Amino acid sequence: MIPRTVPTWQIKSWQEELKQLIQNPKTLIDRLQLDREWLEPAEKAARHFPLRLTESYFSRIRPGDPHDPLLRQVLPLGEELEAAPGYDKDPLDESRFNPVPGLVHKYRSRVLLIAATQCAINCRYCFRRHFPYEDNQLSRPEWQAALDYVRQAPEVNEVILSGGDPLSLGDKHLAWLVQQIADITHIKRLRIHSRYPVILPTRITDELVGAVSHPRLRTVMVMHCNHPQEIDEEVGRGVATLVRAGIQVLNQSVLLKKINDNSRILATLSESLFDIGVQPYYLHLLDKVEGAAHFAVSDEDAKTLYGELLTLLPGYLVPKLVRETPHEGSKTPVSPA
Ligand code: SF4
């Protein structure tokens, strides 16, 4: 694990850190001492999908290296503005599975609630980078309509809180929501999809654990980490807090060109995750969202590196290589070459 990158005295509360996100491309480029040639394309691309990252994540980026694998996940690039055939704004056709605002029902036994409409980071490859969050920002009555939908769907036994990032919500709101979900008797599991354990580990507190735990529900946290350099001591501390409370922590990654498309990097990622108590879960092929084509790894290369990964790790540390295809009843496993 990479040692703590921010001295203890500099660690702020998560609310303070959220108020101080890095959102100006010039600030990012200047602070990392990058060449000025990166600025104009970054400003242009950020007009379409803003730059956003936390100081905590910033502290793990190597200064002076425009190819740093963490920087490449957040730095807007000119390539995002180039049209690519087959890439569109809603690659998973989610608008067809949005029966009431704030709820996506794609798979039979689980529904996804768009619990929050923002993240503390904007990952450049995000498949929801064009999602109409403004139409899915819920008032209390709309929350009730989404929960009513779940109440009337007895085949659903798992609710996924997603977004945006659900941990952008305060603990009180989360506790209210979890209680509403727990009151629906056919729901057995609560799953939370969040990048906060990685990008803002101070968000993981005992109060948060209290808010998302309920004696009637099994709580699972699926975090999102793509590269071993993202894991430092603070990330380990946050995960330990979750694990101590009995929350199962899984990880999903996206296979990204020039970031983690290398079997040794992926093997180190799985080892590092397991060391802190996280079970590798999925390795996703990129969803074909407009603006992200430069991150795509070909199927052939993905299958080859996955075959290598199988030889480098025990089976229980190998995430499932999958692709999501709109209108399929589940994720589609991709076999090694
Ligand atoms: S944290 Fe997840 S939802 Fe938010 S921008 Fe990144 S990939 Fe998208």
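Residues numbered from 1 in each chain as written. Predicted model: local features only at pLDDT ≥ 70, side-chain atom pairs only at ≥ 80, totals over all residues.

1. Brief notes about the sheet that holds strand β8 (residues 320–323)
Ordered in space as β1-β2-β3-β4-β5-β6-β7-β8-β9, the 9 strands form an open sheet in which the pairing is mixed. The open sheet is flanked by β1 (103–107) and β9 (332–333), the only strands paired with a single partner. With 5 bridges connecting them, strand β6 (residues 248–254) and strand β7 (residues 279–284) associate as parallel partners. Across the sheet, residue Gln 252 finds its bridge partner in β7, namely Tyr 282. (Pairing = 2+ DSSP bridges. Helix = DSSP H or I, 4+ residues; strand = E, 2+ residues; numbered from the N terminus.)

2. A closer look at the packing of helix α11 (residues 263–275) against helix α12 (residues 299–312)
Remark: α11 packs on α12, axes separated minimally by 9 Å, with the N-to-C direction vectors making an angle of 45 degrees. As summarised for this structure, α11 and α12 are arranged oblique, according to the angle between their axes. Classified by chirality, the crossing of α12 by α11 is right-handed. Touching Ser 263, Leu 266 and Ala 267 of α11 are Leu 305, Glu 308, Leu 309 and Leu 312, all from α12. The residue inventory of the contact of α11 with α12, partitioned by class, reads 5 nonpolar, 1 polar and 1 charged. (Axes fitted to C-alpha atoms, helices over the stretch in contact; angles between N-to-C directions. Parallel < 35°, antiparallel > 145°, perpendicular 65-115°, else oblique. Left-handed = near helix turned anticlockwise from the far one by under 90°. Contact = placed C-beta atoms within 7 Å. Nonpolar A, V, L, I, M, F, W, Y, C, P; charged D, E, K, R; others polar.)

3. Section: the nonpolar core
Side chains of nonpolar character tend, in soluble globular proteins, to be buried together. Counting residues in each nonpolar core, the largest one holds 83 residues, and the members touching the most others are Leu 113, Ile 121, Val 159 and Leu 286. Mapping this core onto the domain boundaries places at least three of its residues in each of domain 1 (8–81) and domain 2 (94–333). For Ile 121, the residues in contact, after removing those within four places along its chain, are Arg 52, Leu 53, Thr 54, Tyr 57, Val 74, Arg 195 and Ile 199. (Core = buried A, V, L, I, M, F, W, Y, C linked by C-beta atoms within 7 Å. Buried ≥ 20, exposed ≤ 12 C-beta atoms within 10 Å, placed from the backbone. Domains from an automatic or database assignment.)

4. Side note on unusual backbone geometry
The step from Gly 163 to Gly 164 runs through a cis peptide bond, and the omega angle for that step is 25 degrees. Tracing the sequence through the fold places Gly 164 in the loop between β3 (158–162) and α7 (171–182). Of note, the phi angle at His 327 is positive, near 75 degrees, even though the residue is not glycine. Owing to 9 C-beta atoms within 10 Å, His 327 belongs among the exposed residues under this scheme.

5. Looking at the pairing of strand β5 (residues 218–224)
The sheet contact formed by strand β4 (residues 189–194) and β5 spans 6 bridges and is parallel. Its bridge partner being in β5, His 193 is matched across the sheet by Val 222. In the sheet, β5 pairs with β6 via 5 bridges, with the strands oriented parallel. Its bridge partner being in β6, His 224 is matched across the sheet by Gln 252. Regarding topology, helix α10 (residues 233–244) serves as the crossover connection from β5 to the parallel β6, and that connection is right-handed. (Right-handed = clockwise from strand over helix to strand, strands pointing away.)

6. Focus: the pairing of β1
Relative to strand β2 (residues 110–114), β1 is paired through 3 bridges, and the arrangement is antiparallel. Paired with Tyr 107 across the strands is Arg 110, a residue of β2. Hairpin remark: β1 followed by β2, antiparallel, with 2 residues in the connecting loop.

7. Observations concerning the site of the ligand
Around the ligand, the neighbouring residues are Cys 119, Ile 121, Asn 122, Cys 123, Cys 126, Arg 128, Gly 163, Asp 165, Arg 195 and His 224. Along the lines of polarity and charge, the residues of the shell around the ligand split into 4 nonpolar, 3 polar and 3 charged. (Near = placed C-beta within 6 Å.)

8. Some details on the domain arrangement of the protein chain
A common way to express how large an interface is: the accessible area buried when the components associate. We note that the domain assignment places domain 1 (8–81) and domain 2 (94–333) within the protein chain. Counting residues at the interface gives 25 residues for domain 1 and 22 residues for domain 2. For the side of domain 1 that touches domain 2, the residue count by class is 13 nonpolar, 6 polar and 6 charged.

9. Regarding α10
If you check α10, its first and last C-alpha atoms are 16 Å apart, about what 12 residues at 1.5 Å a residue would give, namely 16 Å. By the burial criterion, the buried members of α10 are Glu 234, Val 235, Gly 236, Gly 238, Val 239 and Leu 242. In this structure, the buried side of α10 is in contact with α4 (55–58), α8 (196–199), α9 (206–212), β5 and β6. The first or second residue beyond α10 is Gly 246, which carries a positive phi of 85 degrees. (Expected span 1.5 Å × (residues − 1).)

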